[in-house]
Amino acid sequence: MTLVCLSDTHGLHQDLLIPDGDVLIHAGDCTDGGTKRETISFLNWFASQPHPHKIIVPGNHDFFFEKDGVSEIIPAGIEVLIDRRLEIGGIHFWGSPYIPAEGNWAFSKERGADIRKHWKLIPSETDVLITHTPPYGILDEIRSGLKLGCEELTRILKFVEPSYHLFGHIHHAAGTVFRNNIHHFNLAILDERFRIMHSPHIIIIEK
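Fair warning: this is a prediction, and the values are worked out from it, not measured in the lab. (Residues numbered from 1 in each chain as written. Predicted model: local features only at pLDDT ≥ 70, side-chain atom pairs only at ≥ 80, totals over all residues. Heavy atoms only, no water.)

Here's the deal with the overall build of the chain
Here comes step 1: Within the chain one finds 3 helices and 13 strands.
Here comes step 2: Taking 2.2 N^0.38 as the reference for a compact globule, 207 residues should give roughly 17 Å; the C-alpha atoms of the chain span a radius of gyration of 15 Å, in line with that estimate.
Here comes step 3: Principal-axis analysis of the C-alpha atoms places the extent of the chain at approximately 40 × 35 × 35 Å.
Here comes step 4: Burial statistics for the chain: of 207 residues in total, 54% are counted as buried.
Here comes step 5: Just so you have it, the chain exposes about 9,300 Å², and 49% of that area is on carbon and sulfur atoms.
Here comes step 6: Distance between charge centroids for the chain: 4 Å, based on 19 positive and 27 negative side chains. (Helix = DSSP H or I, 4+ residues; strand = E, 2+ residues; numbered from the N terminus. Rg over C-alpha atoms; globule rule 2.2 N^0.38 Å. Buried < 20%, exposed > 50% of the residue type's maximum accessible area, 1.4 Å probe, protein only. Areas by Shrake-Rupley, 256 points an atom, 1.4 Å probe, with all protein chains shown as cover. Lys, Arg positive; Asp, Glu negative; His and termini not counted. Charge placed at Lys NZ, Arg CZ, Asp CG, Glu CD.)

The following block contains the structure:
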């Protein structure tokens, strides 16, 4: 199974070259202002891609995904994972959009118990975990060196141990690292100045 993975496109999706694959995954911030118009534009583009399966986990810019009526505009064939699992070809995916509280952003939760309750929902049999936030200390540094990832997510990964953890959010830290038996991918496409600097990651899973 070939996963094509990206994050933090902030409305610039039309300018990207998307490789072929079986599952297309967006790990959040598909829009910039989170308006209905931006959201529909992205979803129509996402639905038009040829990949048989499409998954999106919203990000902190994606305000419209918090609204009650969002399900009415989701095209067929797109799975929006908000504390939800999905199985494709025997591979277990879990997605959650929440980030540690940083102002009035979408899907923000206070650090500690408030956000921990979402991570406690992650099933132990998860193969591919998709979050918008990175875990604390893993591909989560901004240019100043400050780490903005989630401490509670780092703790829960010791028990869940997915094979792959996909996220974005911190543009400066885009890249990959293998740590504690988990392949971590910060999939941010744009840099801090919102310029396209990276390409989608391709992950091949054999099972």
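Structural notes on the sheet that holds strand E13 (residues 201-204)
The strands that make up a sheet are held in pairs by hydrogen bonds between backbone atoms, and each pair lies either parallel or antiparallel.
Here comes step 1: With mixed pairing, the 5 strands of this open sheet are ordered in space as E4-E3-E2-E1-E13. Both edges of this open sheet fall to strand E4 (78-80) and E13, since each of them pairs with a single strand only. Adjacent strand axes in the sheet meet at a mean angle of 20°, parallel and antiparallel pairs treated alike.
Here comes step 2: Strand direction decides the pairing type here: strand E1 (residues 2-6) and strand E2 (residues 23-26), joined by 4 bridges, are parallel. (Pairing = 2+ DSSP bridges. Axes fitted to C-alpha atoms, helices over the stretch in contact; angles between N-to-C directions.)

Re helix H3 (residues 151-160)
Structural remark: α-helix, 3.6 residues per turn; residues separated by three or four positions point the same way.
Here comes step 1: Every buried residue of H3 is accounted for by Glu-152, Leu-153, Ile-156, Leu-157 and Val-160. One face of H3 carries all of its buried residues, which in axial projection span an arc of 140°.
Here comes step 2: Its buried side turned inward, H3 meets helix H2 (113-119), strand E9 (128-131), strand E10 (164-167) and strand E12 (182-186).
Here comes step 3: One or two steps after H3, the chain reaches Glu-161, where phi turns positive at roughly 50°. (Arc of directions from axis to C-beta. Contact = heavy atoms within 4.5 Å.)

Regarding the side chain of His-184
Here comes step 1: By the element assignment, His-184 lies in strand E12.
Here comes step 2: By relative accessible area, His-184 is classed as buried at 1%.
Here comes step 3: The contacts of His-184, once residues within four sequence positions are left out, are Pro-135, Ile-138, Leu-139, Leu-157, His-165, Phe-167, Gly-175, Thr-176, Val-177 and Arg-179.

Some points on the packing of aromatic side chains
Here comes step 1: Overall, the coordinates contain 5 aromatic pairs when judged by the stated rule.
Here comes step 2: An aromatic cluster is built from Phe-42, Trp-45 and Phe-46, whose rings are joined through pairwise contacts. (Phe/Tyr/Trp six-rings, centres within 6.5 Å; stacked < 30°, edge-to-face > 60°.)

Focus: the pairing of E10
Residues in a regular strand point their side chains to alternate faces of the sheet.
Here comes step 1: Of the two faces of E10, the one carrying Tyr-164 and Leu-166 and the one carrying His-165 and Phe-167 are both buried.
Here comes step 2: Bridge analysis of E9 against E10 gives 3 bridges, and the strand direction is parallel. In the strand pairing of E10, Val-128 is matched with Tyr-164.
Here comes step 3: As a crossover connection, the stretch from E9 through H3 into E10 is right-handed.
Here comes step 4: Looking at chain direction, E10 and E12 are connected through 4 bridges and run parallel. Paired with Tyr-164 across the strands is His-183, a residue of E12. (Right-handed = clockwise from strand over helix to strand, strands pointing away.)

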